[in-house]
Amino acid sequence: MEWIKMQTLYDSEKKAIKIASIIATTEARLANQQSGPQYEVETQIEQEGEQWQVSWRKVFIGNKTGCGGGCESCNDNLPRKKLGKVLPFKRPSV
């Protein structure tokens, strides 16, 4: 994928690094699925005059397969929970 540049320029490199970290975390969470395509988000910081600009791109790293954990069909081998015993309530005779 191609690089995406932020339109905002930052006064310090420290601020640009912080923003790049936030972008990497957010984009990775939005792009990756529990079961399906997985992406790594690369960021870079470039100096534009006296200010800093952040760029990022998503790189496909593979597919994640397997159970999503929703149907519970694979948990048949686990021991079942014992159900509690229901005790009947008898009212005292008056």
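Residues numbered from 1 in each chain as written. Predicted model: local features only at pLDDT ≥ 70, side-chain atom pairs only at ≥ 80, totals over all residues. Heavy atoms only, no water.

Peer 1: Outline the overall build of the protein chain, listing residues and values.
Peer 2: On a plain count of helices and strands, the protein chain comes out with one helix and three strands. For the protein chain, the sequential pattern of α-helices and β-strands runs β-α-β-β. Of the roughly 8,200 Å² that the protein chain leaves accessible, carbon and sulfur atoms contribute 51%. (Helix = DSSP H or I, 4+ residues; strand = E, 2+ residues; numbered from the N terminus. Areas by Shrake-Rupley, 256 points an atom, 1.4 Å probe, with all protein chains shown as cover.)

Peer 1: Give a description of the nonpolar core that names residues and reports values.
Peer 2: The biggest cluster of nonpolar side chains holds 11 residues, and these are Met 6, Tyr 10, Ala 16, Ile 19, Ala 20, Ile 23, Ala 28, Val 41, Trp 52, Val 54 and Trp 56. The set of elements that each furnish at least two residues to this core consists of β1 (4–10), α1 (13–31) and β3 (51–64). The element that contributes the greatest number of residues to this core is α1, accounting for five residues. If near-sequence neighbours (up to four positions away) are discounted, Trp 52 is found in contact with Thr 8, Leu 9, Tyr 10, Asp 11, Ser 12, Glu 13, Ala 16, Ile 45, Glu 46 and Gln 47. (Core = buried A, V, L, I, M, F, W, Y, C linked by side-chain atoms within 4.5 Å. Buried < 20%, exposed > 50% of the residue type's maximum accessible area, 1.4 Å probe, protein only. Contact = heavy atoms within 4.5 Å.)

Purely geometric stuff here, so don't read any function into it on its own.
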